[in-house]
Amino acid sequence: MDIQFERVSYIYQPNTPFSHQALHEIDLTIDSGEFIAIVGHTGSGKSTLLQHLNGLLIPTMGTVKIGEYVLNKDNKKQDLKALRRNVGIVFQYPEHQLFEETVEKDIAFGPKNFGIPEEEISQRITGAIQEVGLQEAILAKSPFELSGGQMRRVAIAGVLATMPQVLVLDEPTAGLDPYGQKEMMELFFRLHKERNLTTILVTHKMEDAFTYADRMIVLEKGKKYLVGPPAEVFRDRSLLNNVQLELPEVLLFLEKIKSSFPFSIDYNGQSVEELAIELGQRLKELKRE
Amino acid sequence: MKSWLVIGQYVPGNSILHRLDPRTKLLLIFSYVIIVFFANNPASYAVLTFFAIGAIFLSKLSISYILKGITPIWFFIIFSFLIHLFFTRDGEVLWQFQQITIYYGGLIQGLTISLRFLLLIMVTSLLTLTTSPMEITDALENLLAPLQKWKVPVHELALMLSISLRFIPTLMDELDKISKAQASRGVDLKTGSLKSRIYAVVPLLVPLFISAFRRAEDLAMAMEARGYRGGEGRTKLRQLKYTMLDYQAAIIYLVIIIIFFYLRN
Ligand SMILES: Nc1ncnc2c1ncn2[C@@H]1O[C@H](COP(=O)(O)OP(=O)(O)OP(=O)(O)O)[C@@H](O)[C@H]1O
Ligand SMILES: [Mg+2]
């Protein structure tokens with residue numbers, strides 16, 4: 001499903017003293033199958049933007065087009081169920097949405113609402129629980145006796161089980177342990193490839209944007225600040241620093257190498273550890289010469 | 001948040017009404033609420049309306065904003081107007097159509113009841129619009145302090161009140177977030193049969209209660225960690241103090257009340 005934003009503005013609580021414009025005339029096109037990372041300082045409007053992707057918010061001005069759906073002020077009353085089935089959103093702290101008696105029922109909740117047949121639901125549950133890296137034994141437990149990280153995984157499984165075509169992730173790894181964060185991101189990336197999803201990831205971790213995204217969108221105070229492939233966006237450091245963003249650690253490391261040694265290392269996807277080893281080798285070579 | 005949830009929510013500002021001592025506002029408005037029930041002729045209602053409009057003017061809030069803020073109350077105002085209009089049998093017959101008869105007394109009764117209602121709501125919402133929840137509870141605690149002699153736990157009650165007021169917007173936000181999350185999972189609160197809509201509330205309430213309990217626990221722990229141990233010997237960061245403005249307001253209010261009692265029959 002292609003996604004298109006045309007001059008989208010959103011105002012919270014319009015016509016009151018609390019009115020606050022969270023988005024300013026955003027133009028965007030997201031092609032089917034793209035992996036998009038949205039970054040920006042806290043309060044820059046990332047979550048607000050995401051909520052336009054399945055009609056939770058309708059633009060105050062402008063139009064959002066998603067597949068067949070056209071969302072704007074003039075057609076507020078339409079049945080959004082098919083849209084919501086195809087656009088799965090994992091919200092910030094999704095574990096706060098759990099409510100059922102058992103993990104199994106909670107994961108089944110979404111698919112059931114979208115009218116998926118019973119037999120298929122149970123298949124999807126086992127599939128989803130394995131994907132997020134949990135044991136099947138957990139299915140019979142109450143979601144409230146799980147650890148925070150496990151709850152997060154259950155909530156994510158609940159969204160995956162509806163098998164959306166567009167997967168929207170609002171800081172899905174915030175608060176997980178470093179290993180779990182990596183594992184989760186790898187999962188999302190694998191699903192993105194396997195199911196040919198359109199993935200939209202909001203993140204504060206530049207590393208993730210750099211590693212996984214085809215294109216990045218930088219928001220600043222509700223305006224589109226920069227758009228482009230990560231390599232391009234990260235080219236101008238001062239531009240990013242202006243909006244309180246940093247380069248990914250790897251790029252900072254490469255920059256540091258370049259400025260402190262008489263050689264530079266080309267980047268082709270190494271991690272910081274691998275770069276360190278490479279640097280060691282280069283230094284040894286330098287000594288020998 | 002939906003715009004109607006903003007009813008009576010504090011709007012920070014620096015108008016005369018904002019600067020009055022919260023105790024003054026509380027006392028004036030409390031007495032106004034009682035006095036409204038003593039009005040019994042057009043002149044006395046006019047004085048009360050004049051006071052309400054004057055107060056709105058002094059608050060620097062727009063009348064349309066206040067009227068919009070009480071949207072949910074309009075239903076009750078119109079409902080009580082119609083009840084009186086149709087069911088009071090008093091005075092001349094104004095209009096008759098089949099079973100429906102409208103009497104002059106009914107019309108007057110309906111109008112005065114709705115006006116009374118409107119005045120009450122407007123003036124009380126002015127209190128919450130111009131006074132932060134913190135100030136309101138401080139003022140209550142201060143005004144009710146004498147009751148401590150009779151072992152009324154005034155401080156604890158005030159604390160409970162301020163915590164509740166403090167958390168209403170938080171819980172509203174939370175509810176908004178949860179309902180968005182569940183809507184994304186296919187919950188539909190707007191269509192469907194009554195039964196299915198009632199069932200649709202469970203996925204909202206369970207997470208809401210859980211989060212409220214979690215917040216309560218966190219708050220209790222945070223308060224204890226910072227050494228809170230009840231009201232005894234506790235001093236205030238912001239002392240309430242009557243100023244010239246409060247005396248002026250009290251005098252003007254008294255004059256209006258005297259005129260009011262002079263004009264009513
Ligand atoms: N329900 C609401 N009512 C009023 N204003 C809101 C509401 N939700 C968000 N805002 C405001 O809109 C702006 C954008 O908020 P948003 O949640 O989209 O930011 P964000 O980029 O997701 O931030 P974060 O990184 O902290 O999650 C903020 O200034 C916020 O205060
Ligand atoms: Mg956010």
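Just so we're clear, the structure is a prediction, and the values are computed from it rather than from any experiment. Each residue is numbered by its place in its chain's sequence as written, counting from 1. Here chains are named by letter from A upward and ligands by number from 1 upward, in the order in which they appear as written. In view of the model being predicted, local features appear only for residues whose pLDDT reaches at least 70, and side-chain atom pairs are presented and counted only at 80 or more, with totals across whole chains, interfaces and linings using the full set of residues. Computation of side-chain values: all heavy atoms of the structure, hydrogens and water removed.

Caption draft 1: Representation of the overall build of chain A within the structure. Put simply, DSSP H or I for four residues or longer makes a helix, DSSP E for two residues or longer makes a strand, and each gets a number counted from the N terminus. On a plain count of helices and strands, chain A comes out with 11 helices and 10 strands. A compact globule built from 289 residues would reach a C-alpha radius of gyration of about 19 Å, and chain A, at 21 Å, matches this within 12%. Across the 289 residues of chain A, 51% fall into the buried class. Residue contacts follow a heavy-atom distance rule, with two residues in contact if any of their heavy atoms lie within 4.5 Å. Excluding contacts between residues fewer than 6 apart, the proportion of contacts in chain A whose partners are at least 24 apart in sequence is 60%. Restricting the calculation to C-alpha atoms gives the radius of gyration, and the globule rule supplies 2.2 Å times the number of residues raised to the power 0.38. Categorising residues by exposure relies on relative accessible area from a 1.4 Å probe, with only protein chains included: less than 20% of the type maximum marks a residue as buried, more than 50% marks it as exposed, and the intermediate range marks it as partly exposed.

Caption draft 2: Molecular detail of the domain arrangement of chain A. All names here are of chain A. The domain limits used here are those given by an automatic or database domain assignment. Split by domain assignment, chain A resolves into domain 1 (32-52 + 79-246) and domain 2 (248-289). Each of domain 1 and domain 2 has a C-alpha centre, and the two are 33 Å apart. Contacts between the two partners involve 6 residues from domain 1 and, on the opposite side, 7 residues from domain 2. Joining two parts hides part of their accessible area as seen by a 1.4 Å probe, and the buried area is that hidden amount summed over both. With both sides pooled, the region where domain 1 packs onto domain 2 buries about 570 Å², and carbon together with sulfur makes up 69% of that total. Sorting the residues of domain 1 by area buried against domain 2 places Glu207, Phe210 and Arg237 first, and these three jointly supply 73% of that buried surface. Each reported salt bridge corresponds to a side-chain nitrogen of Lys or Arg within 4 Å of a carboxyl oxygen of Asp or Glu. At the junction of domain 1 and domain 2, the tally comes to 1 salt bridge.

Caption draft 3: Highlighting the site of ligand 1. Taken together, 15 residues lie around ligand 1, and Thr42, Gly43, Lys46, Ser47 and Thr48 of chain A are the ones closest in. One chain alone does not account for the residues near ligand 1; they come from chains A and B. One of the backbone nitrogen or oxygen atoms of Gly45 of chain A is found 3.0 Å away from an oxygen atom of ligand 1. Between an oxygen atom of ligand 1 and a side-chain N or O atom of Ser47 of chain A, the distance comes to 2.6 Å. Every accessible area reported is derived by Shrake-Rupley at a probe size of 1.4 Å, with residue values counting cover from the shown protein chains alone. Taking 630 Å² as the accessible area of ligand 1 by itself, protein coverage stands at 72%. Considering every element that reaches the shell around ligand 1, the biggest residue donor is helix α1 (residues 46-50) of chain A, with 3 residues. Only Asp, Glu, Lys and Arg are considered charged, only Ala, Val, Leu, Ile, Met, Phe, Trp, Tyr, Cys and Pro nonpolar, and every remaining residue, Gly among them, polar. Its residues placed into classes, the shell around ligand 1 shows 3 nonpolar, 10 polar and 2 charged. Any residue with a non-hydrogen atom lying within 4 Å of a molecule or strand is treated as near it. Polar contacts, as counted here, are pairs of nitrogen or oxygen atoms within 3.5 Å of one another; within protein the pair requires one atom able to donate a hydrogen and one able to accept it, and residues that are adjacent in sequence qualify only if both atoms are side-chain atoms.

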